[in-house]
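Take a look at the letters that make up each chain.
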Amino acid sequence: MNKLKDRYQKKYANRQFVNDDILKGISDSVKLHNEVRNVRSSAAACLNVFGYLNQHPSDIIPFFSKIGLDIQSVISFPSNVDFNGEVYDDKGPIVFEWIGPKKSPISEKGGSRGQNRTSIDAFFIAEINGKMTQVFVEWKFTEQYNSESYTHKFGGRKGIERLRRYSGVLAKLRSNSFPFNFKEEDKIGLTDFSYEPFYQLLRMTLLAKMTISTNLSDIKIVDYRIVHLSHSKNKDLNILTDTHLRYSPGLNTFQGKTLHETWMALLSNGENPRHIMGYWNTALSTLPDSKDKKYLVERYE
């Protein structure tokens, strides 16, 4: 039984969400993904699991522990916090479509939560190793990225602007806390992050680095974690092929390896511990028995 296929997921067409309150608490300023009502939607799966965790905050720590992220405590998200002009009036410790401050610290123009801006699928604050830490989560379910528009993000006219934007941020980090395992002159470079999942992780990393040492209300953020979660059965996403890397020549030696192990290999020694790669469906078993857990396990595990 392949739970990623439409044939299996369509049985949930009349019950897309685990319970009727799953979308409550999300700010009206958030633009949810256009496919959120699609039964194979990654956004819906993310909302189902993390929406459930918002309703049951005590289950957050065991869930992430299973994935490999050890959390001492989850911090309540401050109500109606103004982060340099961007007001977050969401309810619950986990916030969806996080963009940071109103003005993008990674040189992106315009946009808003969930559209035309780097938006983090799920964000929360936790105490990790004694530090107030922002946790950025990228969530994948059925995605496949094989077309040229997903494998060549630095191609074409838009690619020129993307290179200018993110290389400018990286240039600021060149002499201090550079996140990637690049030599001064190397066969691997920024354009090798042309494949969509790497392009997303690049932007997440830059946004995280540029927003530490900031305050959310009276909470001082001093560290970050990047968490990439996919479904263990999505082999087309999890295993890199020549199609995925056709515009990333510096990464050709990673063909046949996993997306997760490749990304970890691209990080600098100092950056590596801040990134956690895992499969979210394997952590559903940590949830206490309930009708909601039964739904989540039967649908996704």
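Residues numbered from 1 in each chain as written. Predicted model: local features only at pLDDT ≥ 70, side-chain atom pairs only at ≥ 80, totals over all residues. Heavy atoms only, no water.

Is there a simple way to think about the packing of helix H5 (residues 156–172) against helix H6 (residues 196–209) in this case?
The angle between the axes and the distance between the axes are what describe a pair of packed helices. The N-to-C vectors of H5 and H6 enclose an angle of 40°; their axes lie 11 Å apart at closest approach. Our classification of the angle between H5 and H6 gives oblique. Viewed along their axes, H5 and H6 form a crossing whose handedness is left-handed. Along its contact with H5, which presents Arg162, Tyr166, Val169 and Leu170, the element H6 presents Tyr199, Leu202, Arg203 and Leu206. Here the residues of the contact of H5 with H6 sort into 6 nonpolar, no polar and 2 charged. (Axes fitted to C-alpha atoms, helices over the stretch in contact; angles between N-to-C directions. Helix = DSSP H or I, 4+ residues; strand = E, 2+ residues; numbered from the N terminus. Parallel < 35°, antiparallel > 145°, perpendicular 65-115°, else oblique. Left-handed = near helix turned anticlockwise from the far one by under 90°. Contact = heavy atoms within 4.5 Å. Nonpolar A, V, L, I, M, F, W, Y, C, P; charged D, E, K, R; others polar.)

Help me understand the packing of helix H2 (residues 42–55) against helix H3 (residues 60–67), please; the structure alone is not making it clear to me.
In contact at an axis separation of 9 Å, H2 and H3 are set at 135° when each is read in the N-to-C sense. Our classification of the angle between H2 and H3 gives oblique. Contact with H2, carried on its side by Val49, Phe50 and Leu53, involves Ile60, Phe63 and Phe64 of H3 and no other residues of that element.

Mind showing me how you'd approach H3 here?
In an α-helix, one turn spans 3.6 residues, which is why side chains three or four residues apart end up on the same side. Among all positions in H3, only Ile60, Phe63, Phe64 and Ile67 are buried. The arc enclosing the buried residues of H3, seen along the axis, measures out at 85°, which places them on a common side. The inward-facing, buried residues of H3 contact H2, strand E1 (73–75), strand E5 (120–128), strand E6 (131–139), strand E9 (223–230) and strand E10 (275–279). Note on H3: the residue one or two positions beyond its end, glycine 68, has a positive phi of about 115°. (Buried < 20%, exposed > 50% of the residue type's maximum accessible area, 1.4 Å probe, protein only. Arc of directions from axis to C-beta.)

What should I look at first to understand the pattern of salt bridges in this one?
Note that side chains of opposite charge can pair when their charged atoms are close. With the rule as written, the count across this model stands at 14 salt bridges. Lysine 153 is paired through a salt bridge with glutamate 196; the nearest N and O atoms lie 3.4 Å apart. In this pair, lysine 153 sits in the loop between helix H4 (148–151) and H5 while glutamate 196 sits in helix H6, placing the two residues 43 residues apart along the sequence. Pair check on accessibility: lysine 153 and glutamate 196 agree, each one buried. A salt bridge links arginine 165 to glutamate 161, with the shortest nitrogen-to-oxygen separation between them at 3.5 Å. With arginine 165 and glutamate 161 both in helix H5, this residue pair falls 4 residues apart, about one helical turn. (Salt bridge = Lys/Arg side-chain N within 4 Å of Asp/Glu carboxyl O.)

Is there a simple way to explain the side chain of aspartate 292 in this structure?
Take aspartate 292: it is sitting in helix H9 (residues 291–300). One buried charge, aspartate 292, has no salt-bridge partner; the nearest side chain with opposite charge is arginine 15, at 4.3 Å. Excluding anything up to four places from it in sequence, aspartate 292 contacts Arg15, Val18, Asn19, Tyr52 and Gln55. (Lys, Arg positive; Asp, Glu negative; His and termini not counted.)

Could you clarify how one ought to interpret the nonpolar core in this entry?
The nonpolar side chains of soluble globular proteins are, as a tendency, buried together. One finds Phe77, Trp98, Phe136, Phe193, Phe198, Leu202 and Trp263 to be the most contacted residues of the largest nonpolar core, which totals 46 residues. When residues of this core are traced back to their parent elements, those giving at least two are strand E2 (81–83), strand E4 (95–98), E5, H5, H6, strand E8 (219–221), E9 and helix H8 (259–266). Beyond its immediate stretch of four places on either side in the chain, leucine 202 contacts Phe154, Tyr166, Leu170, Phe180, Leu190, Phe193 and Trp263. Of all hydrophobic cores here, the second largest spans 44 residues; its members include Ala44, Tyr52, Ile60 and Val297. (Core = buried A, V, L, I, M, F, W, Y, C linked by side-chain atoms within 4.5 Å.)

Even after reading the chapter, I still don't get the environment of phenylalanine 124, so can you show me in this structure?
Looking at the element boundaries, phenylalanine 124 is found in strand E5. Phenylalanine 124 has contacts with Ile60, Phe64, Ile71, Val74, Pro93, Ile94, Thr133, Gln134, Val135 and Val137, leaving out every residue within four places of it along the chain.

Can you help me understand the environment of aspartate 186 in this one?
With respect to the helices and strands, the residue aspartate 186 is situated in the loop between H5 and H6. Between the C-alpha atoms of aspartate 186 and proline 93, which are 93 residues apart in sequence, the distance is 41 Å. One polar contact links the side chain of aspartate 186 to the main-chain amide nitrogen of lysine 183, over a distance of 3.1 Å. (Polar contact = N/O pair within 3.5 Å; in protein donor to acceptor, adjacent residues only side chain to side chain.)

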